[in-house]
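Structure at a glance
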Amino acid sequence: MHIAVLIKQVPDTQEVKIDPEKNTIVRAGVESIVNPFDMNAVEMALELVEKHGGEVSVLTMGPPQAEAALKETLAMGVNRVILISDKKFAAADTLATSYTLATAIEKLSKDTTPVNLVICGKQAVDGDTAQTGPGIATRLNFDQATYVTEVTELVENEKRIVVKRRLAKGVEIVQAQLPALITVEKDINEPRYASLPGLIKAEREEIPSWSADFINADPEQIGFKGSPTWVKRIFTPPPREGGPLFDADDAVKKALDIVFDNKHFREAVLGEESE
Amino acid sequence: MAENTEWKDVLVFIEVSDGKPQEVGWELLGQATRLAGKLGQKVSALIIGDNVKQFAKEAIEYGADTVYVVDDPAYKTYVTRTYNNAFCEVVKKYKPTIVLIGATPLGRDLSGAVGTVLQAGLTADCTGLDIDDKTFKLLSTRPTFGGNIMATIFCQKGQPQMSTVRPKVMKKGNPDPARKGEVIDVSVPVDPKDITVKVLEFIPDKAGAVEIEHAKIIVAGGKGVNSQEGFEQLKKLADLLGGEVAGSRPMVEAGLLPVERQVGQTGKTVVPRVFIAVGISGAIQHLVGMQNSDVIISINNDPNAPIFKVSTVGIVKRWQDALPELISDLEKRVN
Ligand SMILES: Cc1cc2nc3c(=O)[nH]c(=O)nc-3n(C[C@H](O)[C@H](O)[C@H](O)COP(=O)(O)OP(=O)(O)OC[C@H]3O[C@@H](n4cnc5c(N)ncnc54)[C@H](O)[C@@H]3O)c2cc1C
Ligand SMILES: Nc1ncnc2c1ncn2[C@@H]1O[C@H](COP(=O)(O)O)[C@@H](O)[C@H]1O
């Protein structure tokens with residue numbers, strides 16, 4: 001069993017601000033973390049190979065600094081990490097990202113052993129798109145299962161995987177064929193801490209970096225060129241106007257007087273028809 | 001009017017699950033009508049499933065001029081690969097310039113696959129849609145970085161331009177039973193080889209589990225409440241108003257609230273008519289899940305709590321003092 005986990009280094013979102021003059025996102029001084037969902041993905045992969053045997057490779061596409069994210073997973077005990085990094089990959093949207101990662105997974109399968117299972121996070125907390133996983137599955141023509149909380153069966157020789165998916169109204173149990181791609185929910189497991197041998201390995205190991213040429217990527221499909229979407233403008237959401245505050249003895253009464261004058265409130269609470 | 005290309009009209013995907021069309025489809029038909037108006041083009045709808053042609057009329061009432069129906073028992077359950085094939089067939093054949101999909105779990109699963117096959121620009125989870133006055137391109141606005149920042153995105157190249165939109169963000173229009181439209185059956189046979197993914201079982205959430213995203217009134221508690229006793233009072237208030245109890249993430253972590261009732265970035269997005277926030281500070285991750293509610297009433301003893309900045313009215317008191325009075329006063333006014 002060869003499991004590939006895709007991780008993304010993201011800024012700690014709470015800290016991100018806009019530079020009001022340049023209208024760009026200020027990343028300086030903002031700490032980078034591994035996308036929380038992806039930590040659960042790494043933990044799941046490690047648990048699966050502990051149970052079923054095999055190896056875990058972790059891939060990330062990003063700038064050279066993303067090496068730190070990979071080292072974190074090496075310290076957790078994964079077998080192999082690969083940085084996919086090239087100036088030509090810059091400004092990639094999800095279409096270009098999924099192309100690049102799918103191409104890298106194909107290369108990895110060829111150079112080592114074929115990847116049977118790809119695990120992604122459900123979404124990255126910086127972009128929240130949740131598109132990268134389905135995009136990669138489609139390109140590789142792998143079966144896909146999103147919102148996975150648990151892998152209940154994994155039988156390599158029968159090419160079978162059974163997973164639980166968290167949906168809006170319940171849990172779906174789904175069987176798919178290997179090779180497959182799953183995206184996982186957050187908080188489904190407790191990502192393990194780094195082990196001492198892991199830390200030493202992470203410290204010593206030279207992280208391989210794969211360029212666009214090395215993975216034989218089509219220049220038209222990567223980075224800016226391969227990205228149909230483009231950000232026209234970023235802005236801080238306009239603040240909603242806060243209403244009055246009441247703190248005196250009659251605060252509750254005053255507040256209710258105001259909302260009882262509001263048509264949405266009357267409609268919801270008194271069942272009055274608006275319009 | 002937009003330039004005359006092969007690609008025109010605004011297509012909305014009408015998701016049918018559990019044999020019912022999802023409301024977000026109707027919400028998007030309202031948006032599609034507005035966008036198509038700006039482009040001088042028409043609105044179309046796409047329905048995929050088994051025994052779904054019956055919903056075409058409703059789609060027309062909500063604004064579709066043309067409804068494409070892929071109706072076949074093979075589409076009874078959702079499988080990414082088969083729905084993706086059907087979806088892409090329709091788009092390649094009828095060439096809509098804009099494709100809108102509800103950002104439901106199914107919609108998000110499907111849109112990434114469709115966008116990849118069509119090599120289309122896809123913007124996820126939009127909260128605002130518009131047409132650029134000069135280029136006539138779709139402008140999709142979405143929150144990013146956990147709601148701290150808004151981004152407006154357009155497609156610099158390629159067709160169609162795709163966006164997913166969260167349910168309940170757009171208001172649904174009124175259906176017009178007199179509207180006329182065309183229904184077109186599209187046959188996309190399913191290759192049995194494509195059905196490698198099988199649903200073995202569906203375990204619905206336990207009975208009584210509600211979907212807070214459908215509640216008209218929500219009474220939410222936060223760390224300021226942090227007690228069984230407090231949540232009993234919130235329940236009393238919710239029952240009085242016919243609403244549902246919800247809360248912030250720490251309350252779920254404390255075991256006072258089931259996770260289905262968490263509001264916020266990692267919980268549910270809710271847009272009720274009335275949201276009552278008790279002992280909730282108003283962290284950005286919470287606000288993104290509730291700030292579009294029509295009326296927000298907040299109780300917090302800290303006058304500087306950020307929740308007040310999004311509130312219609314604020315009561316600066318401890319909940320222990322304010323809630324009993326609120327309940328008794330409301331009892332009098334409601335009955
Ligand atoms: C990636 C990420 C995702 C997150 N997702 C979510 C999410 O989906 N939903 C969510 O809610 N949070 C989420 N959070 C957590 C969020 O950042 C806040 O920590 C959380 O919302 C705070 O909850 P709170 O308002 O209940 O608690 P606090 O921030 O502790 O606020 C408690 C409030 O109660 C008031 N108070 C205290 N005593 C009383 C009293 N007696 N009477 C009245 N008021 C009183 C206080 O003044 C204070 O304002 C997320 C965080 C991260 C990093
Ligand atoms: N640059 C990247 N490198 C590696 N994996 C990524 C990258 N971007 C996204 N992913 C994976 O795709 C998932 C969903 O990301 P997104 O589509 O951006 O919400 C993440 O949780 C990762 O598993």
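Reference entry: report on the structure contained in this document.

Calculation notes
Sequence order sets the numbering: in each chain, residues are counted from 1 along the sequence as written. To label them, take the chains in the order written and letter them from A, then take the ligands in the order written and number them from 1. Totals for whole chains, interfaces and linings use all residues, but because this is a predicted model, local features are given only for residues with pLDDT of at least 70 and pairs of side-chain atoms are given and counted only at 80 or more. Side-chain numbers here rest on the full set of heavy atoms in the structure, without hydrogens or water. Put simply, the grid is 1 Å and covers the protein atoms alone, a cavity is a trapped set of points that fit a 1.4 Å probe, a pocket is an open set with protein on both sides within 12 Å along at least five of seven lines, and lining residues have an atom within 4 Å of a point. Grid points are joined across faces, edges and corners, and a volume is the space filled by probe spheres set on the points. Counting from the N terminus, the helices are DSSP H or I runs at least four residues long and the strands are E runs at least two residues long. Under this grouping Gly is polar, as are all residues other than the nonpolar Ala, Val, Leu, Ile, Met, Phe, Trp, Tyr, Cys and Pro and the charged Asp, Glu, Lys and Arg. Each residue is tested against the molecule or strand, and it is near if at least one of its non-hydrogen atoms lies within 4 Å. Polar contact criterion, stated in full: a pair of N or O atoms within 3.5 Å, where within protein one must be able to donate a hydrogen and the other to accept it, and residues adjacent in sequence count only if both atoms are side-chain atoms. Per-residue and other accessible areas were derived by the Shrake-Rupley procedure at a 1.4 Å probe size, with only the shown protein chains allowed to occlude residues. For Phe, Tyr and Trp, rings pair up if their centres lie within 6.5 Å, where Trp contributes its six-membered ring, and each pair is then called stacked (planes under 30 degrees apart), edge-to-face (over 60) or tilted (otherwise). For each residue, the accessible area found with a 1.4 Å probe, counting protein chains only, is set against the maximum for its type, and the residue is called buried under 20%, exposed over 50%, and partly exposed in between.

Here we look at empty space enclosed by the protein
In total, this model carries two cavities of 30 Å³ or more according to the counting rule given. Taken as a whole, the largest cavity spans an internal volume of roughly 90 Å³. Lining of the largest cavity is provided by 14 residues; of these, Thr94, Leu95 and Gln131 of chain A together with Ala120 and Leu122 of chain B occupy positions nearest its centre. Contributions of two or more residues to the lining of the largest cavity are made by α3 (94-111) of chain A together with α4 (105-118) and β7 (121-126) of chain B. Residues of the lining of the largest cavity, tallied by class, amount to four nonpolar, nine polar and one charged. If you add up the space inside the second largest cavity, you get close to 40 Å³. Breaking the lining of the second largest cavity down by element, the ones donating at least two residues are β9 (143-155) of chain A together with α4 of chain B. Looking at the lining of the second largest cavity, its residues break down into three nonpolar, two polar and three charged.

Side note on the site of ligand 1
Near ligand 1, the surroundings consist of 26 residues, among which Lys223, Ser248, Val263, Ser281 and Asn300 of chain B are the closest. Around ligand 1 the close residues trace back to chains A and B. Contact between ligand 1 and Gln265 of chain B: an oxygen atom at 3.0 Å from a main-chain N or O atom of the residue. In this structure, a nitrogen atom belonging to ligand 1 sits 2.9 Å away from a main-chain N or O atom of Trp319 of chain B. When ligand 1 is considered free in solution it has 1000 Å² of accessible area, and contact with the protein chains removes 79% of it. Counting only elements with at least two residues in the shell around ligand 1, the list comes to α6 (249-253), α7 (284-287) and α8 (319-334) of chain B. Here the shell around ligand 1 is built from residues that sort into five nonpolar, 16 polar and five charged.

Points about the packing of aromatic side chains
Residue and element names in this part refer to chain B. Evaluation of the coordinates by the stated rule reveals eight aromatic pairs over all chains. Measuring from centroid to centroid gives 5.4 Å for Phe13 and Phe87, while their planes differ by 45°, and the two rings are tilted. A residue pair is termed long-range when its members are at least 10 positions apart, and Phe13 in strand β1 (residues 10-14) and Phe87 in helix α3 (residues 80-94) qualify at 74 residues. On the basis of relative accessibility, which here comes to 3%, the residue Phe13 falls in the buried class. Residue classification places Phe87 among the buried positions, given a relative accessible area of 0%. With centroids separated by 4.9 Å and ring planes inclined at 70°, the aromatic side chains of Tyr78 and Tyr83 adopt a geometry described as edge-to-face. Exposure remark for Tyr78: the relative accessible area of 17% places this residue in the buried category. Three or more aromatic residues joined by ring pairs form one cluster here, namely Tyr75, Tyr78 and Tyr83.

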